[in-house]
Amino acid sequence: MSTVVVQKFGGTSVGSTERIKRMADRVIQEKKKGHDVVVVVSAMGKTTDALVKMVGDITSEPSKREMDMLLSTGEQVTISLLTMALHQQGVEAISFTGWQAGIQTDSVLGNAHVQSIDTKRIRNELDNGQVVVVAGFQGMTEDGNISTLGRGGSDITAAALASALQADRCEIYTDVDGVYTSDPRFVPKASKITSLSYEDMQNLAIMGAGVLHPRAVKHAKKFGVPLIVKSSFENGRGTMIHGKAKQNGSTPVIGITFEEDINRIELFDCEDIEGLKKALMCELASRHIQADVYKQSCRNILSLLIKKNDHQEVLSILNEGKDKENWVYSRIEGKSGLSKVSAIGQNIKSQPIIKMNMCKILLENAIRVKLVGESAISITAVVEKSQVQLAAERLHTGFGLDYEVVMKASV
Ligand code: ADP
Ligand code: ASP
Ligand code: MG
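The numbering scheme is per chain: residues are counted from 1 as the chain's sequence reads. To read the labels, note that chains go from A and ligands from 1, taken in the order they are written. Residues qualify for local features only when their pLDDT is at least 70, as the model is predicted, and side-chain atom pairs are given and counted only at 80 or more; totals for whole chains, interfaces and linings, by contrast, use all residues. For the side-chain quantities, the full set of heavy atoms in the structure was used; hydrogens and water were omitted.

Chemist: Even after reading the chapter, I still don't get the pattern of salt bridges, so can you show me in this structure?
Modeler: Should the charged atoms of two oppositely charged side chains come close, the side chains can pair. Any carboxyl oxygen of Asp or Glu that lies within 4 Å of a side-chain nitrogen of Lys or Arg is treated as forming a salt bridge with it. As enumerated under the stated definition, the model contains 26 salt bridges in all. We note a salt bridge from Lys-360 to Glu-364, for which the minimum N-O separation is 3.7 Å. Here Glu-364 and Lys-360 lie together in helix 11 (residues 352-364), a separation of 4 residues that amounts to about one turn. Across this residue pair, the class does not change: Lys-360 and Glu-364 are exposed. What emerges from the salt-bridge pattern is a single network uniting Glu-30, Lys-33, Asp-168, Arg-169 and Glu-171. Under the scheme used here, helices are H or I runs from DSSP no shorter than 4 residues and strands are E runs no shorter than 2 residues, and both carry numbers assigned from the N terminus. Each residue's exposure class comes from its accessible area (1.4 Å probe, protein chains only) as a fraction of the maximum for that residue type: buried when under 20%, exposed when over 50%, partly exposed otherwise.

Chemist: Looking at this structure, I do not really get the site of ligand 2. What am I missing?
Modeler: Whether a residue is near a molecule or strand depends on its heavy atoms: if one lies within 4 Å, it is near. By nearness alone, every residue bordering ligand 2 is listed as Ser-42, Ala-43, Thr-48, Glu-75, Phe-137, Arg-151, Gly-152, Gly-153 and Ser-154. Between a nitrogen atom of ligand 2 and a side-chain N or O atom of Thr-48, the distance comes to 2.8 Å. Gly-153 is positioned such that a nitrogen or oxygen atom in its backbone is 3.4 Å from an oxygen atom of ligand 2. Summarising the interface, the protein chains cover 86% of the accessible area of ligand 2, which totals 260 Å² for the free molecule. Following the grouping adopted for this structure description, the nonpolar residues are Ala, Val, Leu, Ile, Met, Phe, Trp, Tyr, Cys and Pro, the charged ones are Asp, Glu, Lys and Arg, and the polar ones are all others, Gly among them. Taken together, the residues of the shell around ligand 2 sort by class into 2 nonpolar, 5 polar and 2 charged. Each polar contact in these results corresponds to two N or O atoms within 3.5 Å; when the atoms are within protein, one needs to be able to donate a hydrogen and the other to accept it, and residues that are neighboring in sequence are counted only if both atoms are side-chain atoms. For every accessible area listed, the method is Shrake-Rupley and the probe measures 1.4 Å; residues are considered covered only by the protein chains on display.

Chemist: What is the right way to look at unusual backbone geometry in this model?
Modeler: In terms of backbone geometry, most residues other than glycine have negative phi values and most peptide bonds are trans. Backbone geometry at His-288 places phi at a positive 55°, although glycine is not the residue there. By the element assignment, His-288 lies in the loop between helix 9 (273-286) and strand 16 (291-296). The class for His-288 is buried, based on a relative accessible area of 18%. Even without glycine at this site, Asn-326 takes up a positive phi of about 80°. Mapped onto the elements, Asn-326 comes out in the loop between helix 10 (311-320) and strand 18 (331-344). Overall, Asn-326 belongs to the partly exposed group, its relative accessible area being 27%.

Chemist: Is there a simple way to think about the packing of helix 9 against helix 10 in this case?
Modeler: How two helices pack is summed up by the angle between their axes together with the distance between the axes. Axis lines are fitted through C-alpha atoms, for helices just across the contact stretch, and the angle between N-to-C directions can take any value from 0 to 180 degrees. Running from N to C, helix 9 and helix 10 cross one another at 130°; their axes reach a closest spacing of 11 Å. Looking at the two axes, helix 9 sits oblique to helix 10. When the axes of helix 9 and helix 10 are compared, the crossing they make is right-handed. Seen from helix 9, the contacting residues are Leu-280, Glu-283 and Leu-284; seen from helix 10, they are Val-314, Ile-317 and Leu-318. In terms of residue class, the contact of helix 9 with helix 10 is built from 5 nonpolar, no polar and 1 charged. Throughout this description, any angle smaller than 35 degrees is read as roughly parallel, any larger than 145 degrees as roughly antiparallel, any in the 65 to 115 degree range as roughly perpendicular, and the remainder as oblique. By convention, the crossing between two helices is left-handed when the near helix turns anticlockwise from the far helix through less than a right angle, and right-handed when the turn is clockwise. By the convention used here, residues are in contact when the closest approach between their heavy atoms is within 4.5 Å.

Chemist: What exactly am I supposed to notice about the sheet that holds strand 9 (residues 169-174) here?
Modeler: Picture the strands of a sheet paired through backbone hydrogen bonds; they go either parallel or antiparallel. The criterion for strand pairing is that DSSP finds at least two bridges linking the strands in question. The strand order across the open sheet formed by 8 strands is 3-6-2-1-9-13-14-12, and the pairing between neighbours is mixed. Among the strands making up the open sheet, the edge pair consists of strand 3 (93-96) and strand 12 (195-196). Here 6 bridges tie strand 1 (residues 4-9) to strand 2 (residues 36-41), and the two strands are oriented parallel to one another. When the sheet's bridge partners are listed, Val-4 is paired in strand 2 with Asp-36.

That's the geometry; what it means functionally is another story.
Below, the structure written as structure tokens:
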């Protein structure tokens, strides 16, 4: 049996028919090396955003089923065009939607999790010498509805398929040449990381490093499939994600991440703050809503930091739960236009100096901090969206992650 290689091309990489033809060349190069190649693609360019915008012209409360029906179409365009581009070059290839590829998900439409993959059909085609091109970001629920995996979900499709097929590696082709210590588009002094453990990558991704979906890292980690993040447009080695985390040297901060468009919901005068926190976290998790929940016990305030797009759903959860035991508070306040900026590192919480330094750097740069939260792997400051880039740049410099400093240290 030959080696399976999974290649994933993101939206920018397949943003035009010209680019699709260039990506077909990359696929062919890999196929010529004698590997079985499975390709996962995203929708072209900003197609998914355009589809979401169209929905806004029709309704503010779309049915989740119809939303997934619509959003899954973007990827379907790319699979057929890429497959035709391969045919045009004399390469045998076949396209599959998520369900044709055997991807079954749970029923949390809009943010579904992959439950299992029946690889029979893909294996048959690979055995027949075909390149298999799969639509990213989608699957099928047990009751036969099309589901989508959440924004950026094509990474998940690629890593989950790579694991199910026990692939040699999963290559993620994108518009940057690897994973950096912060988003290089916002923090120009960010340095490229050549090798990262699954755990460190997962921590960066969970806290906002949008280059990879955190659940993709989880799938790859489970079966030990190496993930390689590379540029679609240049040749280079990219960043290899594999293996266990090493203990860092002098600073445990491995990167600065941020998330824009964060809203805060505060519940005042909670009667049983611990009970409410637990119940809420349980409910949010069952709907796959990511939230940071912090207690300000001295004032009985429970603060939730959520993505702007989840605000309405969180309010509905609070409304539905209002008659439940524990769910007692006097009022709710919401605030939009916030962002989170985080320093990431293993066991960061156990070193209070890092939190102190973070607060000092932000204060010295006149960045107004709304809230500071911490977890085992992150210290997070909530700031106004207008100040998040400045905050990220200053923290990046302050924690010694700037390109020149890292280069000097490695000489
Ligand atoms: P694709 O469409 O290929 O999936 P994405 O836009 O999802 O591409 O991811 C690539 C983008 O991730 C980059 O353009 C970059 O701006 C952003 N990014 C955020 N954090 C990081 C990071 N730590 N390292 C590299 N890129 C990052
Ligand atoms: N097309 C989807 C999105 O824009 C999935 C992806 O690109 O990974 O979120
Ligand atoms: Mg992406």
